[in-house]
Amino acid sequence: MSLGLGHGARRASRILLLLFVAGLSSVGAAGAQESDAQETGAAWAIAIHGGAGTARRETMDAERERAYRDKLTEALLAGKKVLESGGSSVDAVEAAIRLLEDSPLFNAGKGAVFTHDGKNELDSSIMDGATLEAGAVAGVHHVKNPISLARRVMEDSPHVLFAGQGAEEFALEQGIELVPESYFWTERAWRSLQSRLEAEQRADAGADGAEANGANADVPSSRYFGTVGAVALDTQGNLAAGTSTGGMTNKQFGRIGDSPIIGAGTYADNRACAVSATGHGEFFIRNAVAYDICARVRYLGSSIDEAADVLVMEVLVELEAGGGVIALDPAGNAAMPFNTSAMLRGYLRAGGEPEVAIFKD
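For the structure given in this document, a descriptive report is provided here. The model shown is predicted, which means the values in this text are computed figures rather than measured ones.

## Things to note about the packing of helix α8 (residues 289-300) against helix α9 (residues 304-318)
- Contact pair α8 / α9: the axes reach a minimum separation of 8 Å and the direction vectors enclose 140 degrees. The angle between α8 and α9 falls in the class oblique. Crossing handedness for the pair α8 and α9: right-handed. Residues V289, D292, I293, R296 and V297 of α8 form the contact with α9, whose own contacting residues are I304, A307, A308, V310, L311 and L316.
- Residue composition of the contact of α8 with α9, by class: 9 nonpolar, no polar and 2 charged.

Next up, the structure:
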């Protein structure tokens, strides 16, 4: 006997069934400094970021700083393992970002922040500089590693961007790991949401003269701290870039930022550079920041440092938009400008040692 379920309902039922099984199986389970330009190109190179924000050295305890540095180093070494063995830049970007997505330290994957409704919505994108092919996902709730789903969109579909339930249905068809929403819960992210909600209530009551709509009025750069990204150059001379995020704490109405938007938060082109961005997404989208950096390198002959600095330290600063980028050119030279007080970042090239930094050292 037919229950009369429509196609959408059948898809949702399949996802819920998978999550139920996954839930049963889990029961009881417990900066780098900007690289100086080199005369000769690197055999391979990788740069990563863990988001830009307003953290200051004097307010970050030693244990947390060490945890950030250790995880950034681990991500660089994950990329190194791929690149040293002759793997592709796309492989290296995915490997590094997956490791960061699995850590509760960052606003991506496991550590994603909460929306106004207490949900986790994940966005990600990846781009292959050799082919200009790209894939992205937005607003997913159950995908353990959104960067891997974005790659499947790029390689196994004719499309670039899937969103919401459709993206999760595609993940199910592709065998991408789905997890219960509870997987993404962290005390740090939950407390951050409660703090925002309390501030909204005070604003609504006129307690301190703030605007009533706290979700849209003040957008401090600290909200972006934790978005992750990677750019890589492989031994074949190919570039790739990827970005992954949990978005903005207390975001509303299905808001999507720059991380899954090709040309805004992510871009890669062998003829110019690879870029991953972090910051106030609306401004990165309006100014096509990632693409503009590569366009300046390709068409104006700008160095990677010059191109990145123009966008981050001039264009975005003039607009009072906080954030930063990591960018890599075909010779393996990296630029990592940011206009906030801190940006988690790291860099490693063939023959070198991992370099990681947080503040403006």
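## Side note on the state of the cysteines
- Per the stated rule, a full pass over the model turns up 1 disulfide.
- Residue pairing for C273: its cysteine sulfur links by disulfide to C294, the two sulfurs lying 2.3 Å apart. Taking the torsion about the sulfur-sulfur bond, which here is approximately -115 degrees, the covalent link between C273 and C294 counts as left-handed. Of this pair, C273 sits in strand β8 (residues 273-279) while C294 sits in helix α8, and the two are 21 residues apart along the sequence.

## What to know about the packing of helix α2 (residues 62-84) against helix α3 (residues 89-101)
- Relative to each other, α2 and α3 sit at 155 degrees, their axes nearing to 8 Å. With respect to their mutual orientation, α2 and α3 come out roughly antiparallel. For the element pair α2 and α3, the recorded crossing hand is right-handed. Residue-level contacts link K71, E74, A75, A78, G79, V82 and L83 of α2 to S89, D91, A92, A95, A96, L99 and L100 of α3.
- Residues of the contact of α2 with α3, tallied by class, amount to 9 nonpolar, 2 polar and 3 charged.

What counts as what
Residues numbered from 1 in each chain as written. Predicted model: local features only at pLDDT ≥ 70, side-chain atom pairs only at ≥ 80, totals over all residues. Heavy atoms only, no water. Axes fitted to C-alpha atoms, helices over the stretch in contact; angles between N-to-C directions. Helix = DSSP H or I, 4+ residues; strand = E, 2+ residues; numbered from the N terminus. Parallel < 35°, antiparallel > 145°, perpendicular 65-115°, else oblique. Left-handed = near helix turned anticlockwise from the far one by under 90°. Contact = heavy atoms within 4.5 Å. Nonpolar A, V, L, I, M, F, W, Y, C, P; charged D, E, K, R; others polar. Disulfide = S-S within 2.5 Å.

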